[in-house]
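Chain by chain, the residues run as shown.
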2 protein chains.
Amino acid sequence: MKFIVIGGDAAGMSAASRAKRNLPELEVTVLEQGEDVSYSACGMPYNLADPFREMDDLVVRRAEVFREKQGIDLRLRHRVDAIDRIGSSVKGTDNKGRPFSLYYDRLLIATGASPLVPQIPGTDLPGVFVLKGLHHGRQIKDYLRKVHAHKAVIIGMGYIALEMCEAFRALGIEVAMVKPRPVLLPRMHKRLSEIIKTVLEKESVELFAGVEPRSIEKEGDLVRLSCSGQEFKADLVLVAAGIEPNSGLALDAGLELGPSNSIAVDRSLRTSDEKIFAAGDCSDAYHVVTGRKVWIPLALRANRAGWAVADNVTGGEASLDGVAGTAVFKVFELEVATTGLNMEEAKSAGFDPVEVVIESRSRAHAHAGSSNILVYMAADKPSGRLLGVQMVGREGVAHRINSAAVALHQHMTVEAFSQCDLAYAPPFSPVWDPLLTAANQLLKAL
Amino acid sequence: MKFIVIGGDAAGMSAASRAKRNLPELEVTVLEQGEDVSYSACGMPYNLADPFREMDDLVVRRAEVFREKQGIDLRLRHRVDAIDRIGSSVKGTDNKGRPFSLYYDRLLIATGASPLVPQIPGTDLPGVFVLKGLHHGRQIKDYLRKVHAHKAVIIGMGYIALEMCEAFRALGIEVAMVKPRPVLLPRMHKRLSEIIKTVLEKESVELFAGVEPRSIEKEGDLVRLSCSGQEFKADLVLVAAGIEPNSGLALDAGLELGPSNSIAVDRSLRTSDEKIFAAGDCSDAYHVVTGRKVWIPLALRANRAGWAVADNVTGGEASLDGVAGTAVFKVFELEVATTGLNMEEAKSAGFDPVEVVIESRSRAHAHAGSSNILVYMAADKPSGRLLGVQMVGREGVAHRINSAAVALHQHMTVEAFSQCDLAYAPPFSPVWDPLLTAANQLLKAL
């Protein structure tokens, strides 16, 4: 039996490896259009922050290991151009520019996502970068080694933008951040995003929200970004304005698409063609709170979906619950975490949400080193169900969010969550964990 | 209506405060045999580690605040000697040595627990201490300020013993630890407790497990602890060999007792007398995994139970799920956390448990500053239910345990837990959280 995987990153290589482990006689071919497989993309901002590290430190497993140790037919610089569902084959162009056609019994589309680049002149100029694949990381690393950069402009203010902002500041580079929409982190509660804004300003980051990029031009060694009412000169421009799913192949093949043009899959990761699976950043998922389809591209889901595809391709019966949208990032001294829905999402999913924002401490009364934690928590008024949590603080945020994520998977009420026996010791928490304090407050509003 | 509370610590003052808030016309009297109310007992080891802090920093709310701001009739140095259930009154001795008798409509017994002191000669000598109440903390603080201590012997190796061990080492005091049972932390998986042992040895702590204390004598300015086959000379001996519930009043009044002679209460915190409640370290609880009664005295439960009593006394209908036995402590560089059952407890509760111990990293692949995390996870083979988790590591343990605690409250299977959307970012976690890695491994054994 032939299992073909398009795309050799998290979802694709997880699927290929596990399928081969599950069923060694399976013929597994991975077609990767780039040079890199199996690397920690999320580690790139941290790698870039450290001039003494090589970008290739982030490679988790090298291509030869997949080929020689695992018996996977891994083909780099093989681009798939079309899926022929009737003939059950993929057609593409190999690393020597020659056309190829390969038959599949089962196919996985794991084509990932691509950076959204604003439709303005000059985004292809030298000194203008995106950051998604390892080759992007290498380009930025090389550039920073060649150019003694003093100033960077980042288009976008999402997770990657903020992580890269921190990386640039760690390298002593001044940073201005620009985005067309007027709000820093629109999914976050304003009281929480204000904390992040304050920290960014303390770190001398210039924020320009509500500013529309218009064009990029070279000016000597610098790049000039012209915006609505603003102009920036910098050594480099990083475009980190979000990503979009690489679903073109699937669309052309007539597969059903889901939210944000991601590839629609069921809980078994099957597309609308039962021989074709999709996993990773290119595909959608069920949201465990709303039961609706969402496109929330995150690394854990990609790995988990890859495994599930492998199990289903090799005779198993894997089915995934879905995602809670749990995410965490670090920005300077802050840990920022979120799971579930914000108020707007809750309303549009048909809930009647109420919210609280509480301030608590990261450690016990009178324990040295304590700092503030802000918790947003929302629940559905009629049912009392927990709907979402967001947290910001200097410590004790990144892992605390997980207990709320588990509660969301279980459709717990705030009342039930408020009864949970969470850990307490003075160096780590107040007696009432900040999440319990939020739950206790929220109960009063229900 | 008269609500009388015996004991002015966590459970007692939580109940008194909330009852008065719920129903301002309620007459609330708290009878506390000591001098202190409402302090962070768990903070004492950290306070003792810092010679520049006063023990009274740990007072959360002073007696006058309860009296003047909250209208609670708080009586210090009032010892209750008997409960007259037929006459609905408590009888005792006041702060001037005079007998008193007070009628109650509702009574809360929140008498806490007392240190277990081995029945050996010399435990009452100067230089021999226990640590439970704030007055104990003051005694040790005063002694350490008077005596330039070089060496301490701790009888016991539980949480308090280990926290005090760290405190003594922070003060430059040599520490030997002694206990009769041969195992350091018998509830913990051996592979995890070995990590703790290694760290203690690295910190030059001498461990003598399986050594029975026989007597304590003065020898000049020192105290000499004689044990089976060992003798220790030290500036002080700390007895931290566990605690027992203060249930004598309840027993004398004919109330039903639970495990370890704690006071038996139902989910509403009612004792076998419906007018009498018990809460805090003196009372038992349902274990959410087994459904059976346990005595696991911890601060969060005490506070939560105090609140529930207040609600029930003032016309509400509070009912508590119970405890998962979630606990965390810090010992030198390690975070140690546990929730649910170990293998022995699981077996004796009628489960057919299987376990894994896995080693994972605290941060992502190639992320600087990563360290090892060891996770023990157990499940019931027939049902697949998660039964217990223990973790040890230098970071990322204390709050991670909470997601497992929530899962235990929900009677989740390992399969369901393994699907949870937990947070990932390189500074905080591998893509697969250590708990997910443990769950994935454990699934193979189910």
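Residues numbered from 1 in each chain as written. Chains lettered and ligands numbered in written order. Predicted model: local features only at pLDDT ≥ 70, side-chain atom pairs only at ≥ 80, totals over all residues.

1. Topic: the relation of the copies chain A and chain B
Overlaying chain A with chain B gives an RMSD of 0.0 Å, the required rotation being 180° about an axis along which the chain moves by 0.0 Å. Between the two chains, the operation in question is that of a two-fold axis. No C-alpha of chain A lies nearer the rotation axis than that of Ser403(A), which sits 1.9 Å from it. An overlap of 100% is found between the interface residues of chain A and their copies at the interface of chain B, pointing to a shared contact surface. (Least-squares fit on C-alpha atoms with pLDDT ≥ 70 in both. Contact = placed C-beta atoms within 7 Å.)

2. Remarks on the domain arrangement of chain A
It is common to give the size of an interface as the accessible area lost on bringing the parts into contact. As far as domains go, chain A holds domain 1 (2-35 + 76-113 + 244-313), domain 2 (117-241) and domain 3 (327-445). Relative to domain 2 of chain A, the C-alpha centre of domain 1 of chain A lies at a distance of 32 Å. (Domains from an automatic or database assignment.)

3. Concerning the pairing of strand β24 (residues 372-380) of chain A
Residues and elements named next belong to chain A. Across the nine residues of β24, eight count as buried, placing the element largely inside the fold. Two elements, strand β23 (residues 353-361) and β24, share nine bridges in a ladder whose sense is antiparallel. Looking at the pairing, Val356 lines up with Met377 of β24. Across seven bridges, the pairing between β24 and strand β25 (residues 386-393) is antiparallel. (Buried ≥ 20, exposed ≤ 12 C-beta atoms within 10 Å, placed from the backbone. Helix = DSSP H or I, 4+ residues; strand = E, 2+ residues; numbered from the N terminus. Pairing = 2+ DSSP bridges.)

4. Quick look at the sheet that holds strand β5 (residues 89-93) of chain A
Residue and element names in this part refer to chain A. One open sheet holds the three strands; their spatial order is β4-β5-β6, and the pairing between them is antiparallel. Each having just a single partner strand, β4 (79-84) and β6 (99-103) make up the two edges of the open sheet. The sheet shows a mean angle of 25° between the axes of neighbouring strands, taken without regard to direction. (Axes fitted to C-alpha atoms, helices over the stretch in contact; angles between N-to-C directions.)

5. Side note on the interface of chain A and chain B
With 49 residues of chain A at the interface, the matching set in chain B holds 49 residues. Counting only elements with at least two residues in the side of chain A that touches chain B, the list comes to α8 (299-313), β21 (327-331) and α10 (401-409) of chain A. Ranked by residues supplied to the side of chain A that touches chain B, first place goes to α10(A) with seven residues. A breakdown of the residues in the side of chain A that touches chain B according to their chemical character gives 31 nonpolar, 13 polar and five charged. (Nonpolar A, V, L, I, M, F, W, Y, C, P; charged D, E, K, R; others polar.)

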